[in-house]
Structures are given as structure tokens and as C-alpha cells.
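# Results of the structural survey
Chain by chain, the residues:
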Amino acid sequence: MEKVALFPGSFDPLTVGHESIIRRSFDLFDKIIIAIGQNINKKGFYPLEQRIEWISMVFEHDPKIEVTHYDGLTIDFCRKIGARFILRGLRTTADFEYEWSIAQLNKAMYPELETVFLLTLPEFIHVNSSIVRDIIRHGGDVSKFLPGGVDLTKLNTK
Ligand code: ADP
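Criteria and thresholds
Residues numbered from 1 in each chain as written. Predicted model: local features only at pLDDT ≥ 70, side-chain atom pairs only at ≥ 80, totals over all residues. Heavy atoms only, no water. Helix = DSSP H or I, 4+ residues; strand = E, 2+ residues; numbered from the N terminus. Rg over C-alpha atoms; globule rule 2.2 N^0.38 Å. Buried < 20%, exposed > 50% of the residue type's maximum accessible area, 1.4 Å probe, protein only. Areas by Shrake-Rupley, 256 points an atom, 1.4 Å probe, with all protein chains shown as cover. Lys, Arg positive; Asp, Glu negative; His and termini not counted. Charge placed at Lys NZ, Arg CZ, Asp CG, Glu CD. Salt bridge = Lys/Arg side-chain N within 4 Å of Asp/Glu carboxyl O. Polar contact = N/O pair within 3.5 Å; in protein donor to acceptor, adjacent residues only side chain to side chain. Contact = heavy atoms within 4.5 Å. Phe/Tyr/Trp six-rings, centres within 6.5 Å; stacked < 30°, edge-to-face > 60°. Lys NZ or Arg CZ within 6 Å of the ring centre and 35° of its normal. Core = buried A, V, L, I, M, F, W, Y, C linked by side-chain atoms within 4.5 Å. Near = heavy atom within 4 Å.

### Some points on the overall build of the chain
- When you go through the chain residue by residue, the secondary structure sums to 5 helices and 5 strands.
- Relative to the compact-globule value of 15 Å for 158 residues, the chain shows a C-alpha radius of gyration of 15 Å, a close match.
- Dimensions of the chain, computed from the C-alpha atoms along their principal axes, are close to 45 × 35 × 30 Å.
- The buried share among the 158 residues of the chain stands at 44%.
- Here the chain has roughly 9200 Å² of accessible surface; of this, 54% comes from carbon and sulfur atoms.
- Computed over 19 positive and 21 negative side-chain charges, the separation of the two mean positions in the chain equals 2 Å.

Pasting the structure below:
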């Protein structure tokens, strides 16, 4: 059976940390669906369409990757697309605490689902989207935190 994994997140914006987790999972799965979960209470910094466009550009030569978005429960979306794996990255013990309870709840609701965690490479532990957004707001250079080849300054914020 095809091994399909969902990599859910906000990706606002996608960082080198996200990219690293995704590329390291290529040997584990046949297909990896990167999906932006829409949180109705959380307005994005970058519009959804631009985040999707940017992620698609980063992975345009990687046939295992699909990019999309979803509303509602992550497990319902997994069922819909036939994903039996959720991929997540772990940076710190704070990530672990949060991820642990979500993964347990997801497993309780969808027993066939496995959450697969990859430990962040040391050089990416401090990279996170919210700090990248702060640096952008204050006009700083974020190029070393973002995957190469895409110029974020060309994307408009809302
Ligand atoms: P969320 O809004 O659910 O936290 P994110 O887009 O911030 O979504 O993150 C999606 C996934 O990527 C999470 O599993 C998160 O732990 C992981 N991640 C975020 N930043 C990094 C990083 N620097 N290195 C590795 N994994 C990361």
C-alpha cells in the first residue's frame, strides 16, 4: 500500500527548518502532502494562496510532494486523502509536550494513524516562523532562515 504522510502546519512562512524535515522524510514515504491547516481564529501573516505558491516553488522538482490546505480536524483530512501518517518535527521539550497530547488525541480518534516525529537538526532548532515574521516586520534580513530560490519580499503581506 502506498505510504502517504500529511505534514500539517501554518508555514507562515515555510522555513529551512520545515524544508529539512520534509526532505529528510523522502525515504520514509511514497507521498508527502504538505497542507496548511486553516485556523479561523488565526489570521495569517502571508495570504494562504501565497504560502501555497511559495511551498510549491520550493518543491517543484520533487514528485513526492503535493501542497494543499484544509479546514477542520486534521484526522478527518487524513482520512479523506488516505494518509495513515502525520509527519511532525520536534525542536524542544516544549514542542514535545504539545505534540505528545495532540498525537495521543489523534491516535484515540483514528487508531490506524501513526504520528512520525523527526528530531530537528541542531542548526535549525532556533528557526521558527514567528521569529522570522518579527524580523520581516522590522525590515531585517531573513534569507538564511528561508529556503533558497524564492524572494519573500516579492510576496505581499495582508
Ligand atoms: P504549527 O502552526 O502547527 O506549529 P508550523 O508551521 O509552525 O505549524 O510547524 C509545522 C511543523 O514543522 C511542526 O511539526 C513543527 O514542529 C515543525 N517545525 C517548525 N519549525 C521547525 C524547525 N525549525 N525545524 C524542524 N521542524 C520545525
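So that's the structure; there's more coming.
### Brief notes about the side chain of R133
- Within the secondary structure layout, R133 lies in helix α5 (residues 129-137).
- Despite its burial, R133 remains without a salt bridge, the nearest opposite charge being carried by D12 at 4.2 Å.
- Among the polar contacts listed, one links the side chain of R133 to the backbone oxygen of D12, at a separation of 2.8 Å.
- With sequence-adjacent residues up to four places away left out, R133 is seen in contact with D12, P13 and F45.

### Side note on the packing of aromatic side chains
- Summed over the entire model, instances satisfying the criterion amount to 4 aromatic pairs.
- Judged by centre distance (4.8 Å) and plane angle (10°), the ring pair of Y70 and F77 falls under stacked. Just as Y70 is buried, F77 falls in that class too.
- If you follow R79 out to its NZ or CZ, it ends over the ring of Y110, 4.4 Å from the centre.

### Comments concerning the nonpolar core
- In this structure, L14, I22 and F59 are the most contacted members of the largest nonpolar core, which totals 24 residues.
- Where this core is concerned, the elements lending two or more residues are β1 (4-9), α1 (16-24), β2 (31-37), α2 (48-58) and β4 (85-90).
- Tallying contributions element by element places α2 first for this core, with 5 residues.
- Of all hydrophobic cores here, the second largest spans 12 residues; its members include Y70, I75, A83 and Y110.

### Quick notes on the site of the ligand
- Around the ligand, 16 residues are found, and the nearest of them are S10, G89, T120, F124 and V127.
- Here F11 contributes a backbone N or O atom positioned 3.1 Å from an oxygen atom of the ligand.
- Interatomic distance of 3.2 Å between a side-chain N/O atom of H18 and an oxygen atom of the ligand.
- Notes on the ligand: free accessible area 550 Å², of which the protein chains cover 87%.
- The set of elements that each furnish at least two residues to the shell around the ligand consists of β1, α1, β4 and α4 (93-109).

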